[in-house]
Amino acid sequence: MTIKTIYSSNFSKKTRKFKDIKIIVIHYTGMQSKIVSIKRLVNPRFKVSCHYLIDRKGLIFRMVEDNKVAWHAGKSKWKNFVNLNKCSIGIELINKGHKFGYEKFTSIQLKRLMQLCLKLKKKYKIKNSNIVGHSDVAPQRKKDPGEKFPWKKLKNNNLGIWYKVQNSKKIEFKNKDFQKQFFRNLYKIGYRYFEINRRSKKDVFPIKAFQRRFYPQNVSGKIDKKTFKISHFLASRLNLS
Ligand SMILES: [Zn+2]
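Here's a quick rundown of the structure.

Calculation notes
- Residues numbered from 1 in each chain as written.
- Predicted model: local features only at pLDDT ≥ 70, side-chain atom pairs only at ≥ 80, totals over all residues.
- Helix = DSSP H or I, 4+ residues; strand = E, 2+ residues; numbered from the N terminus.
- Rg over C-alpha atoms; globule rule 2.2 N^0.38 Å.
- Buried ≥ 20, exposed ≤ 12 C-beta atoms within 10 Å, placed from the backbone.
- Core = buried A, V, L, I, M, F, W, Y, C linked by C-beta atoms within 7 Å.
- Contact = placed C-beta atoms within 7 Å.
- Pairing = 2+ DSSP bridges.
- Expected span 1.5 Å × (residues − 1).
- Arc of directions from axis to C-beta.
- Axes fitted to C-alpha atoms, helices over the stretch in contact; angles between N-to-C directions.

A tally of regular secondary structure across the chain gives 8 helices and 10 strands. Its C-alpha atoms give the chain a radius of gyration of 18 Å, within 12% of the compact-globule value 18 Å for 241 residues. With the C-alpha coordinates aligned to their principal axes, the bounding extent of the chain is approximately 55 × 35 × 35 Å. Burial status across the chain gives 40% buried among its 241 residues.

Quick look at the nonpolar core now. The nonpolar side chains of a soluble globular protein tend to be buried, and buried together. The biggest cluster of nonpolar side chains holds 38 residues, and the ones touching the most others in it are Ile24, Val25, Cys50, Tyr52, Leu53 and Ile91. If you list the elements that add at least two residues to this core, you get strand 3 (23-28), helix 1 (34-42), strand 4 (52-54), strand 6 (68-70), strand 9 (88-93), helix 3 (107-124), strand 10 (131-133) and helix 5 (151-156). Counting residues per element, this core draws most heavily on strand 3, which supplies 5 residues. In contact with Cys50, other than residues within four places in its own chain, are His27, Leu41, Met63, Val64, Ala70, His72, Gly90, Ile91 and Glu92. Ile161, Ile189, Tyr191 and Ile207 belong to the second-largest nonpolar core, a separate cluster that totals 16 residues.

This paragraph deals with unusual backbone geometry. The omega torsion of the bond from Asp144 to Pro145 falls at 5°, within 30 degrees of zero and hence cis. Along the chain, Pro145 turns up in the loop between helix 4 (134-137) and helix 5. We note that Lys79 has phi near 50°; this positive angle belongs to a residue other than glycine. Among the secondary structure elements, Lys79 is positioned in the loop between strand 7 (77-78) and strand 8 (81-82). Taking the number of C-beta atoms within 10 Å as the measure of exposure, Lys79 has 18 and is therefore partly exposed.

What follows deals with the environment of Thr29. Considering the arrangement of structural elements, one finds Thr29 in the loop between strand 3 and helix 1. A tally of 25 C-beta atoms within 10 Å means that Thr29 is categorised as buried. Through-space distance from the C-alpha of Thr29 to that of Leu53 is 8.8 Å; in sequence the pair is 24 residues apart. Dropping the residues within four chain positions of it, Thr29 is found in contact with Ser37, Glu92, Leu93, Ile94, Asn95 and Gly97.

Within strand 3, 6 of the 6 residues are buried, leaving the element largely enclosed by the surrounding structure. Side chains Ile23, Val25 and His27 project from strand 3 onto one buried face, and the interleaved Ile24, Ile26 and Tyr28 project onto a second face that is buried too. Of the pairings in the sheet, the one linking strand 3 to strand 9 comprises 6 bridges and is parallel in character. Across the sheet, the residue bridging to His27 is Glu92, located in strand 9. Bridge count between strand 3 and strand 10: 3 bridges; the pairing is parallel. Considered in strand 10, the bridge of Ile26 is made with Gly133.

Bringing helix 3 into the picture now. End to end, helix 3 covers 25 Å across 18 residues, agreeing with the expected 26 Å (1.5 Å per residue, within 8%). Within helix 3, burial applies to Gln109, Arg112, Leu113, Leu116, Cys117 and Leu120. Buried positions in helix 3, seen along its axis, are confined to an arc of 135° and lie on one side of it. Counted as exposed and oriented over 90 degrees from the buried face of helix 3: Ser107, Lys119 and Lys122. In this structure, the buried residues of helix 3 make contact with strand 3, strand 4, strand 5 (60-62), strand 9 and strand 10.

It is worth spelling out the environment of Gly97 at this point. Residue position: Gly97 is located in helix 2 (residues 97-100). Among all residues touching Gly97, those that are not within four sequence positions of it are Tyr28, Thr29, Gly30, Tyr102 and Asp144.

Turning next to the sheet that holds strand 4. Hydrogen bonds between backbone atoms are what pair the strands of a sheet, whose relative direction is either parallel or antiparallel. Spatially, the 6 strands line up as an open sheet ordered 1-5-4-9-3-10, and their pairing is mixed. Sheet topology places strand 1 (3-5) and strand 10 at the edges, where each strand pairs with a single neighbour. On average, adjacent strands in this sheet sit at an angle of 30° to one another, irrespective of strand direction. Here strand 4 runs beside strand 5; their pairing, made up of 3 bridges, is antiparallel. From the neighbouring strand, Tyr52 faces strand 5, where its bridge partner is Arg62.

Set out below in structure tokens:
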């Protein structure tokens, strides 16, 4: 795997230890072009960066060394981790994103991403349940990598988590229990930014983030049966990942 270098000076001065790296966060750049994306990721004015950038031809660029904290996740939570920059590797995929014309990721781009993730997972002993999208860890602010990102394909390559719904038992709940159980499941999986016992208008964000990742055909923000079942499957089998 060839990795080229375009260094960004946007990182924290303090060096971190290998064992501090627990999470991989996958992003899309969401900019008009590759050039614009790179310019932004190296410009000190914007204070953003990532460890790796993968373009649509599958070229991988290292922008910040793994042992430095890059600035890609922002305000974020996953499981008991808060503000994930310090404990994660950030990977950006070139894609115009929802704002400028969301594209399918190219197969070579995904292939290189998976190769890179497998390498990082092994090197830093990262759990599959800690390979996440930006929207998973910042659901109120972010949509990337979005509903076109093929998490199932990653799982087939032993990266991240996925589900099988066909074997799940019939689940019947009264509406309120249904909701509470759903959020309990989300919490177990690692999602934050909601309360288990109190519903709020902002609940639509974690629901959509969950759907964007696991039920991309239906990013409705409503907890239907299938959405619930998926959450149930994942929450009950998390020890396996
Ligand atoms: Zn992002």
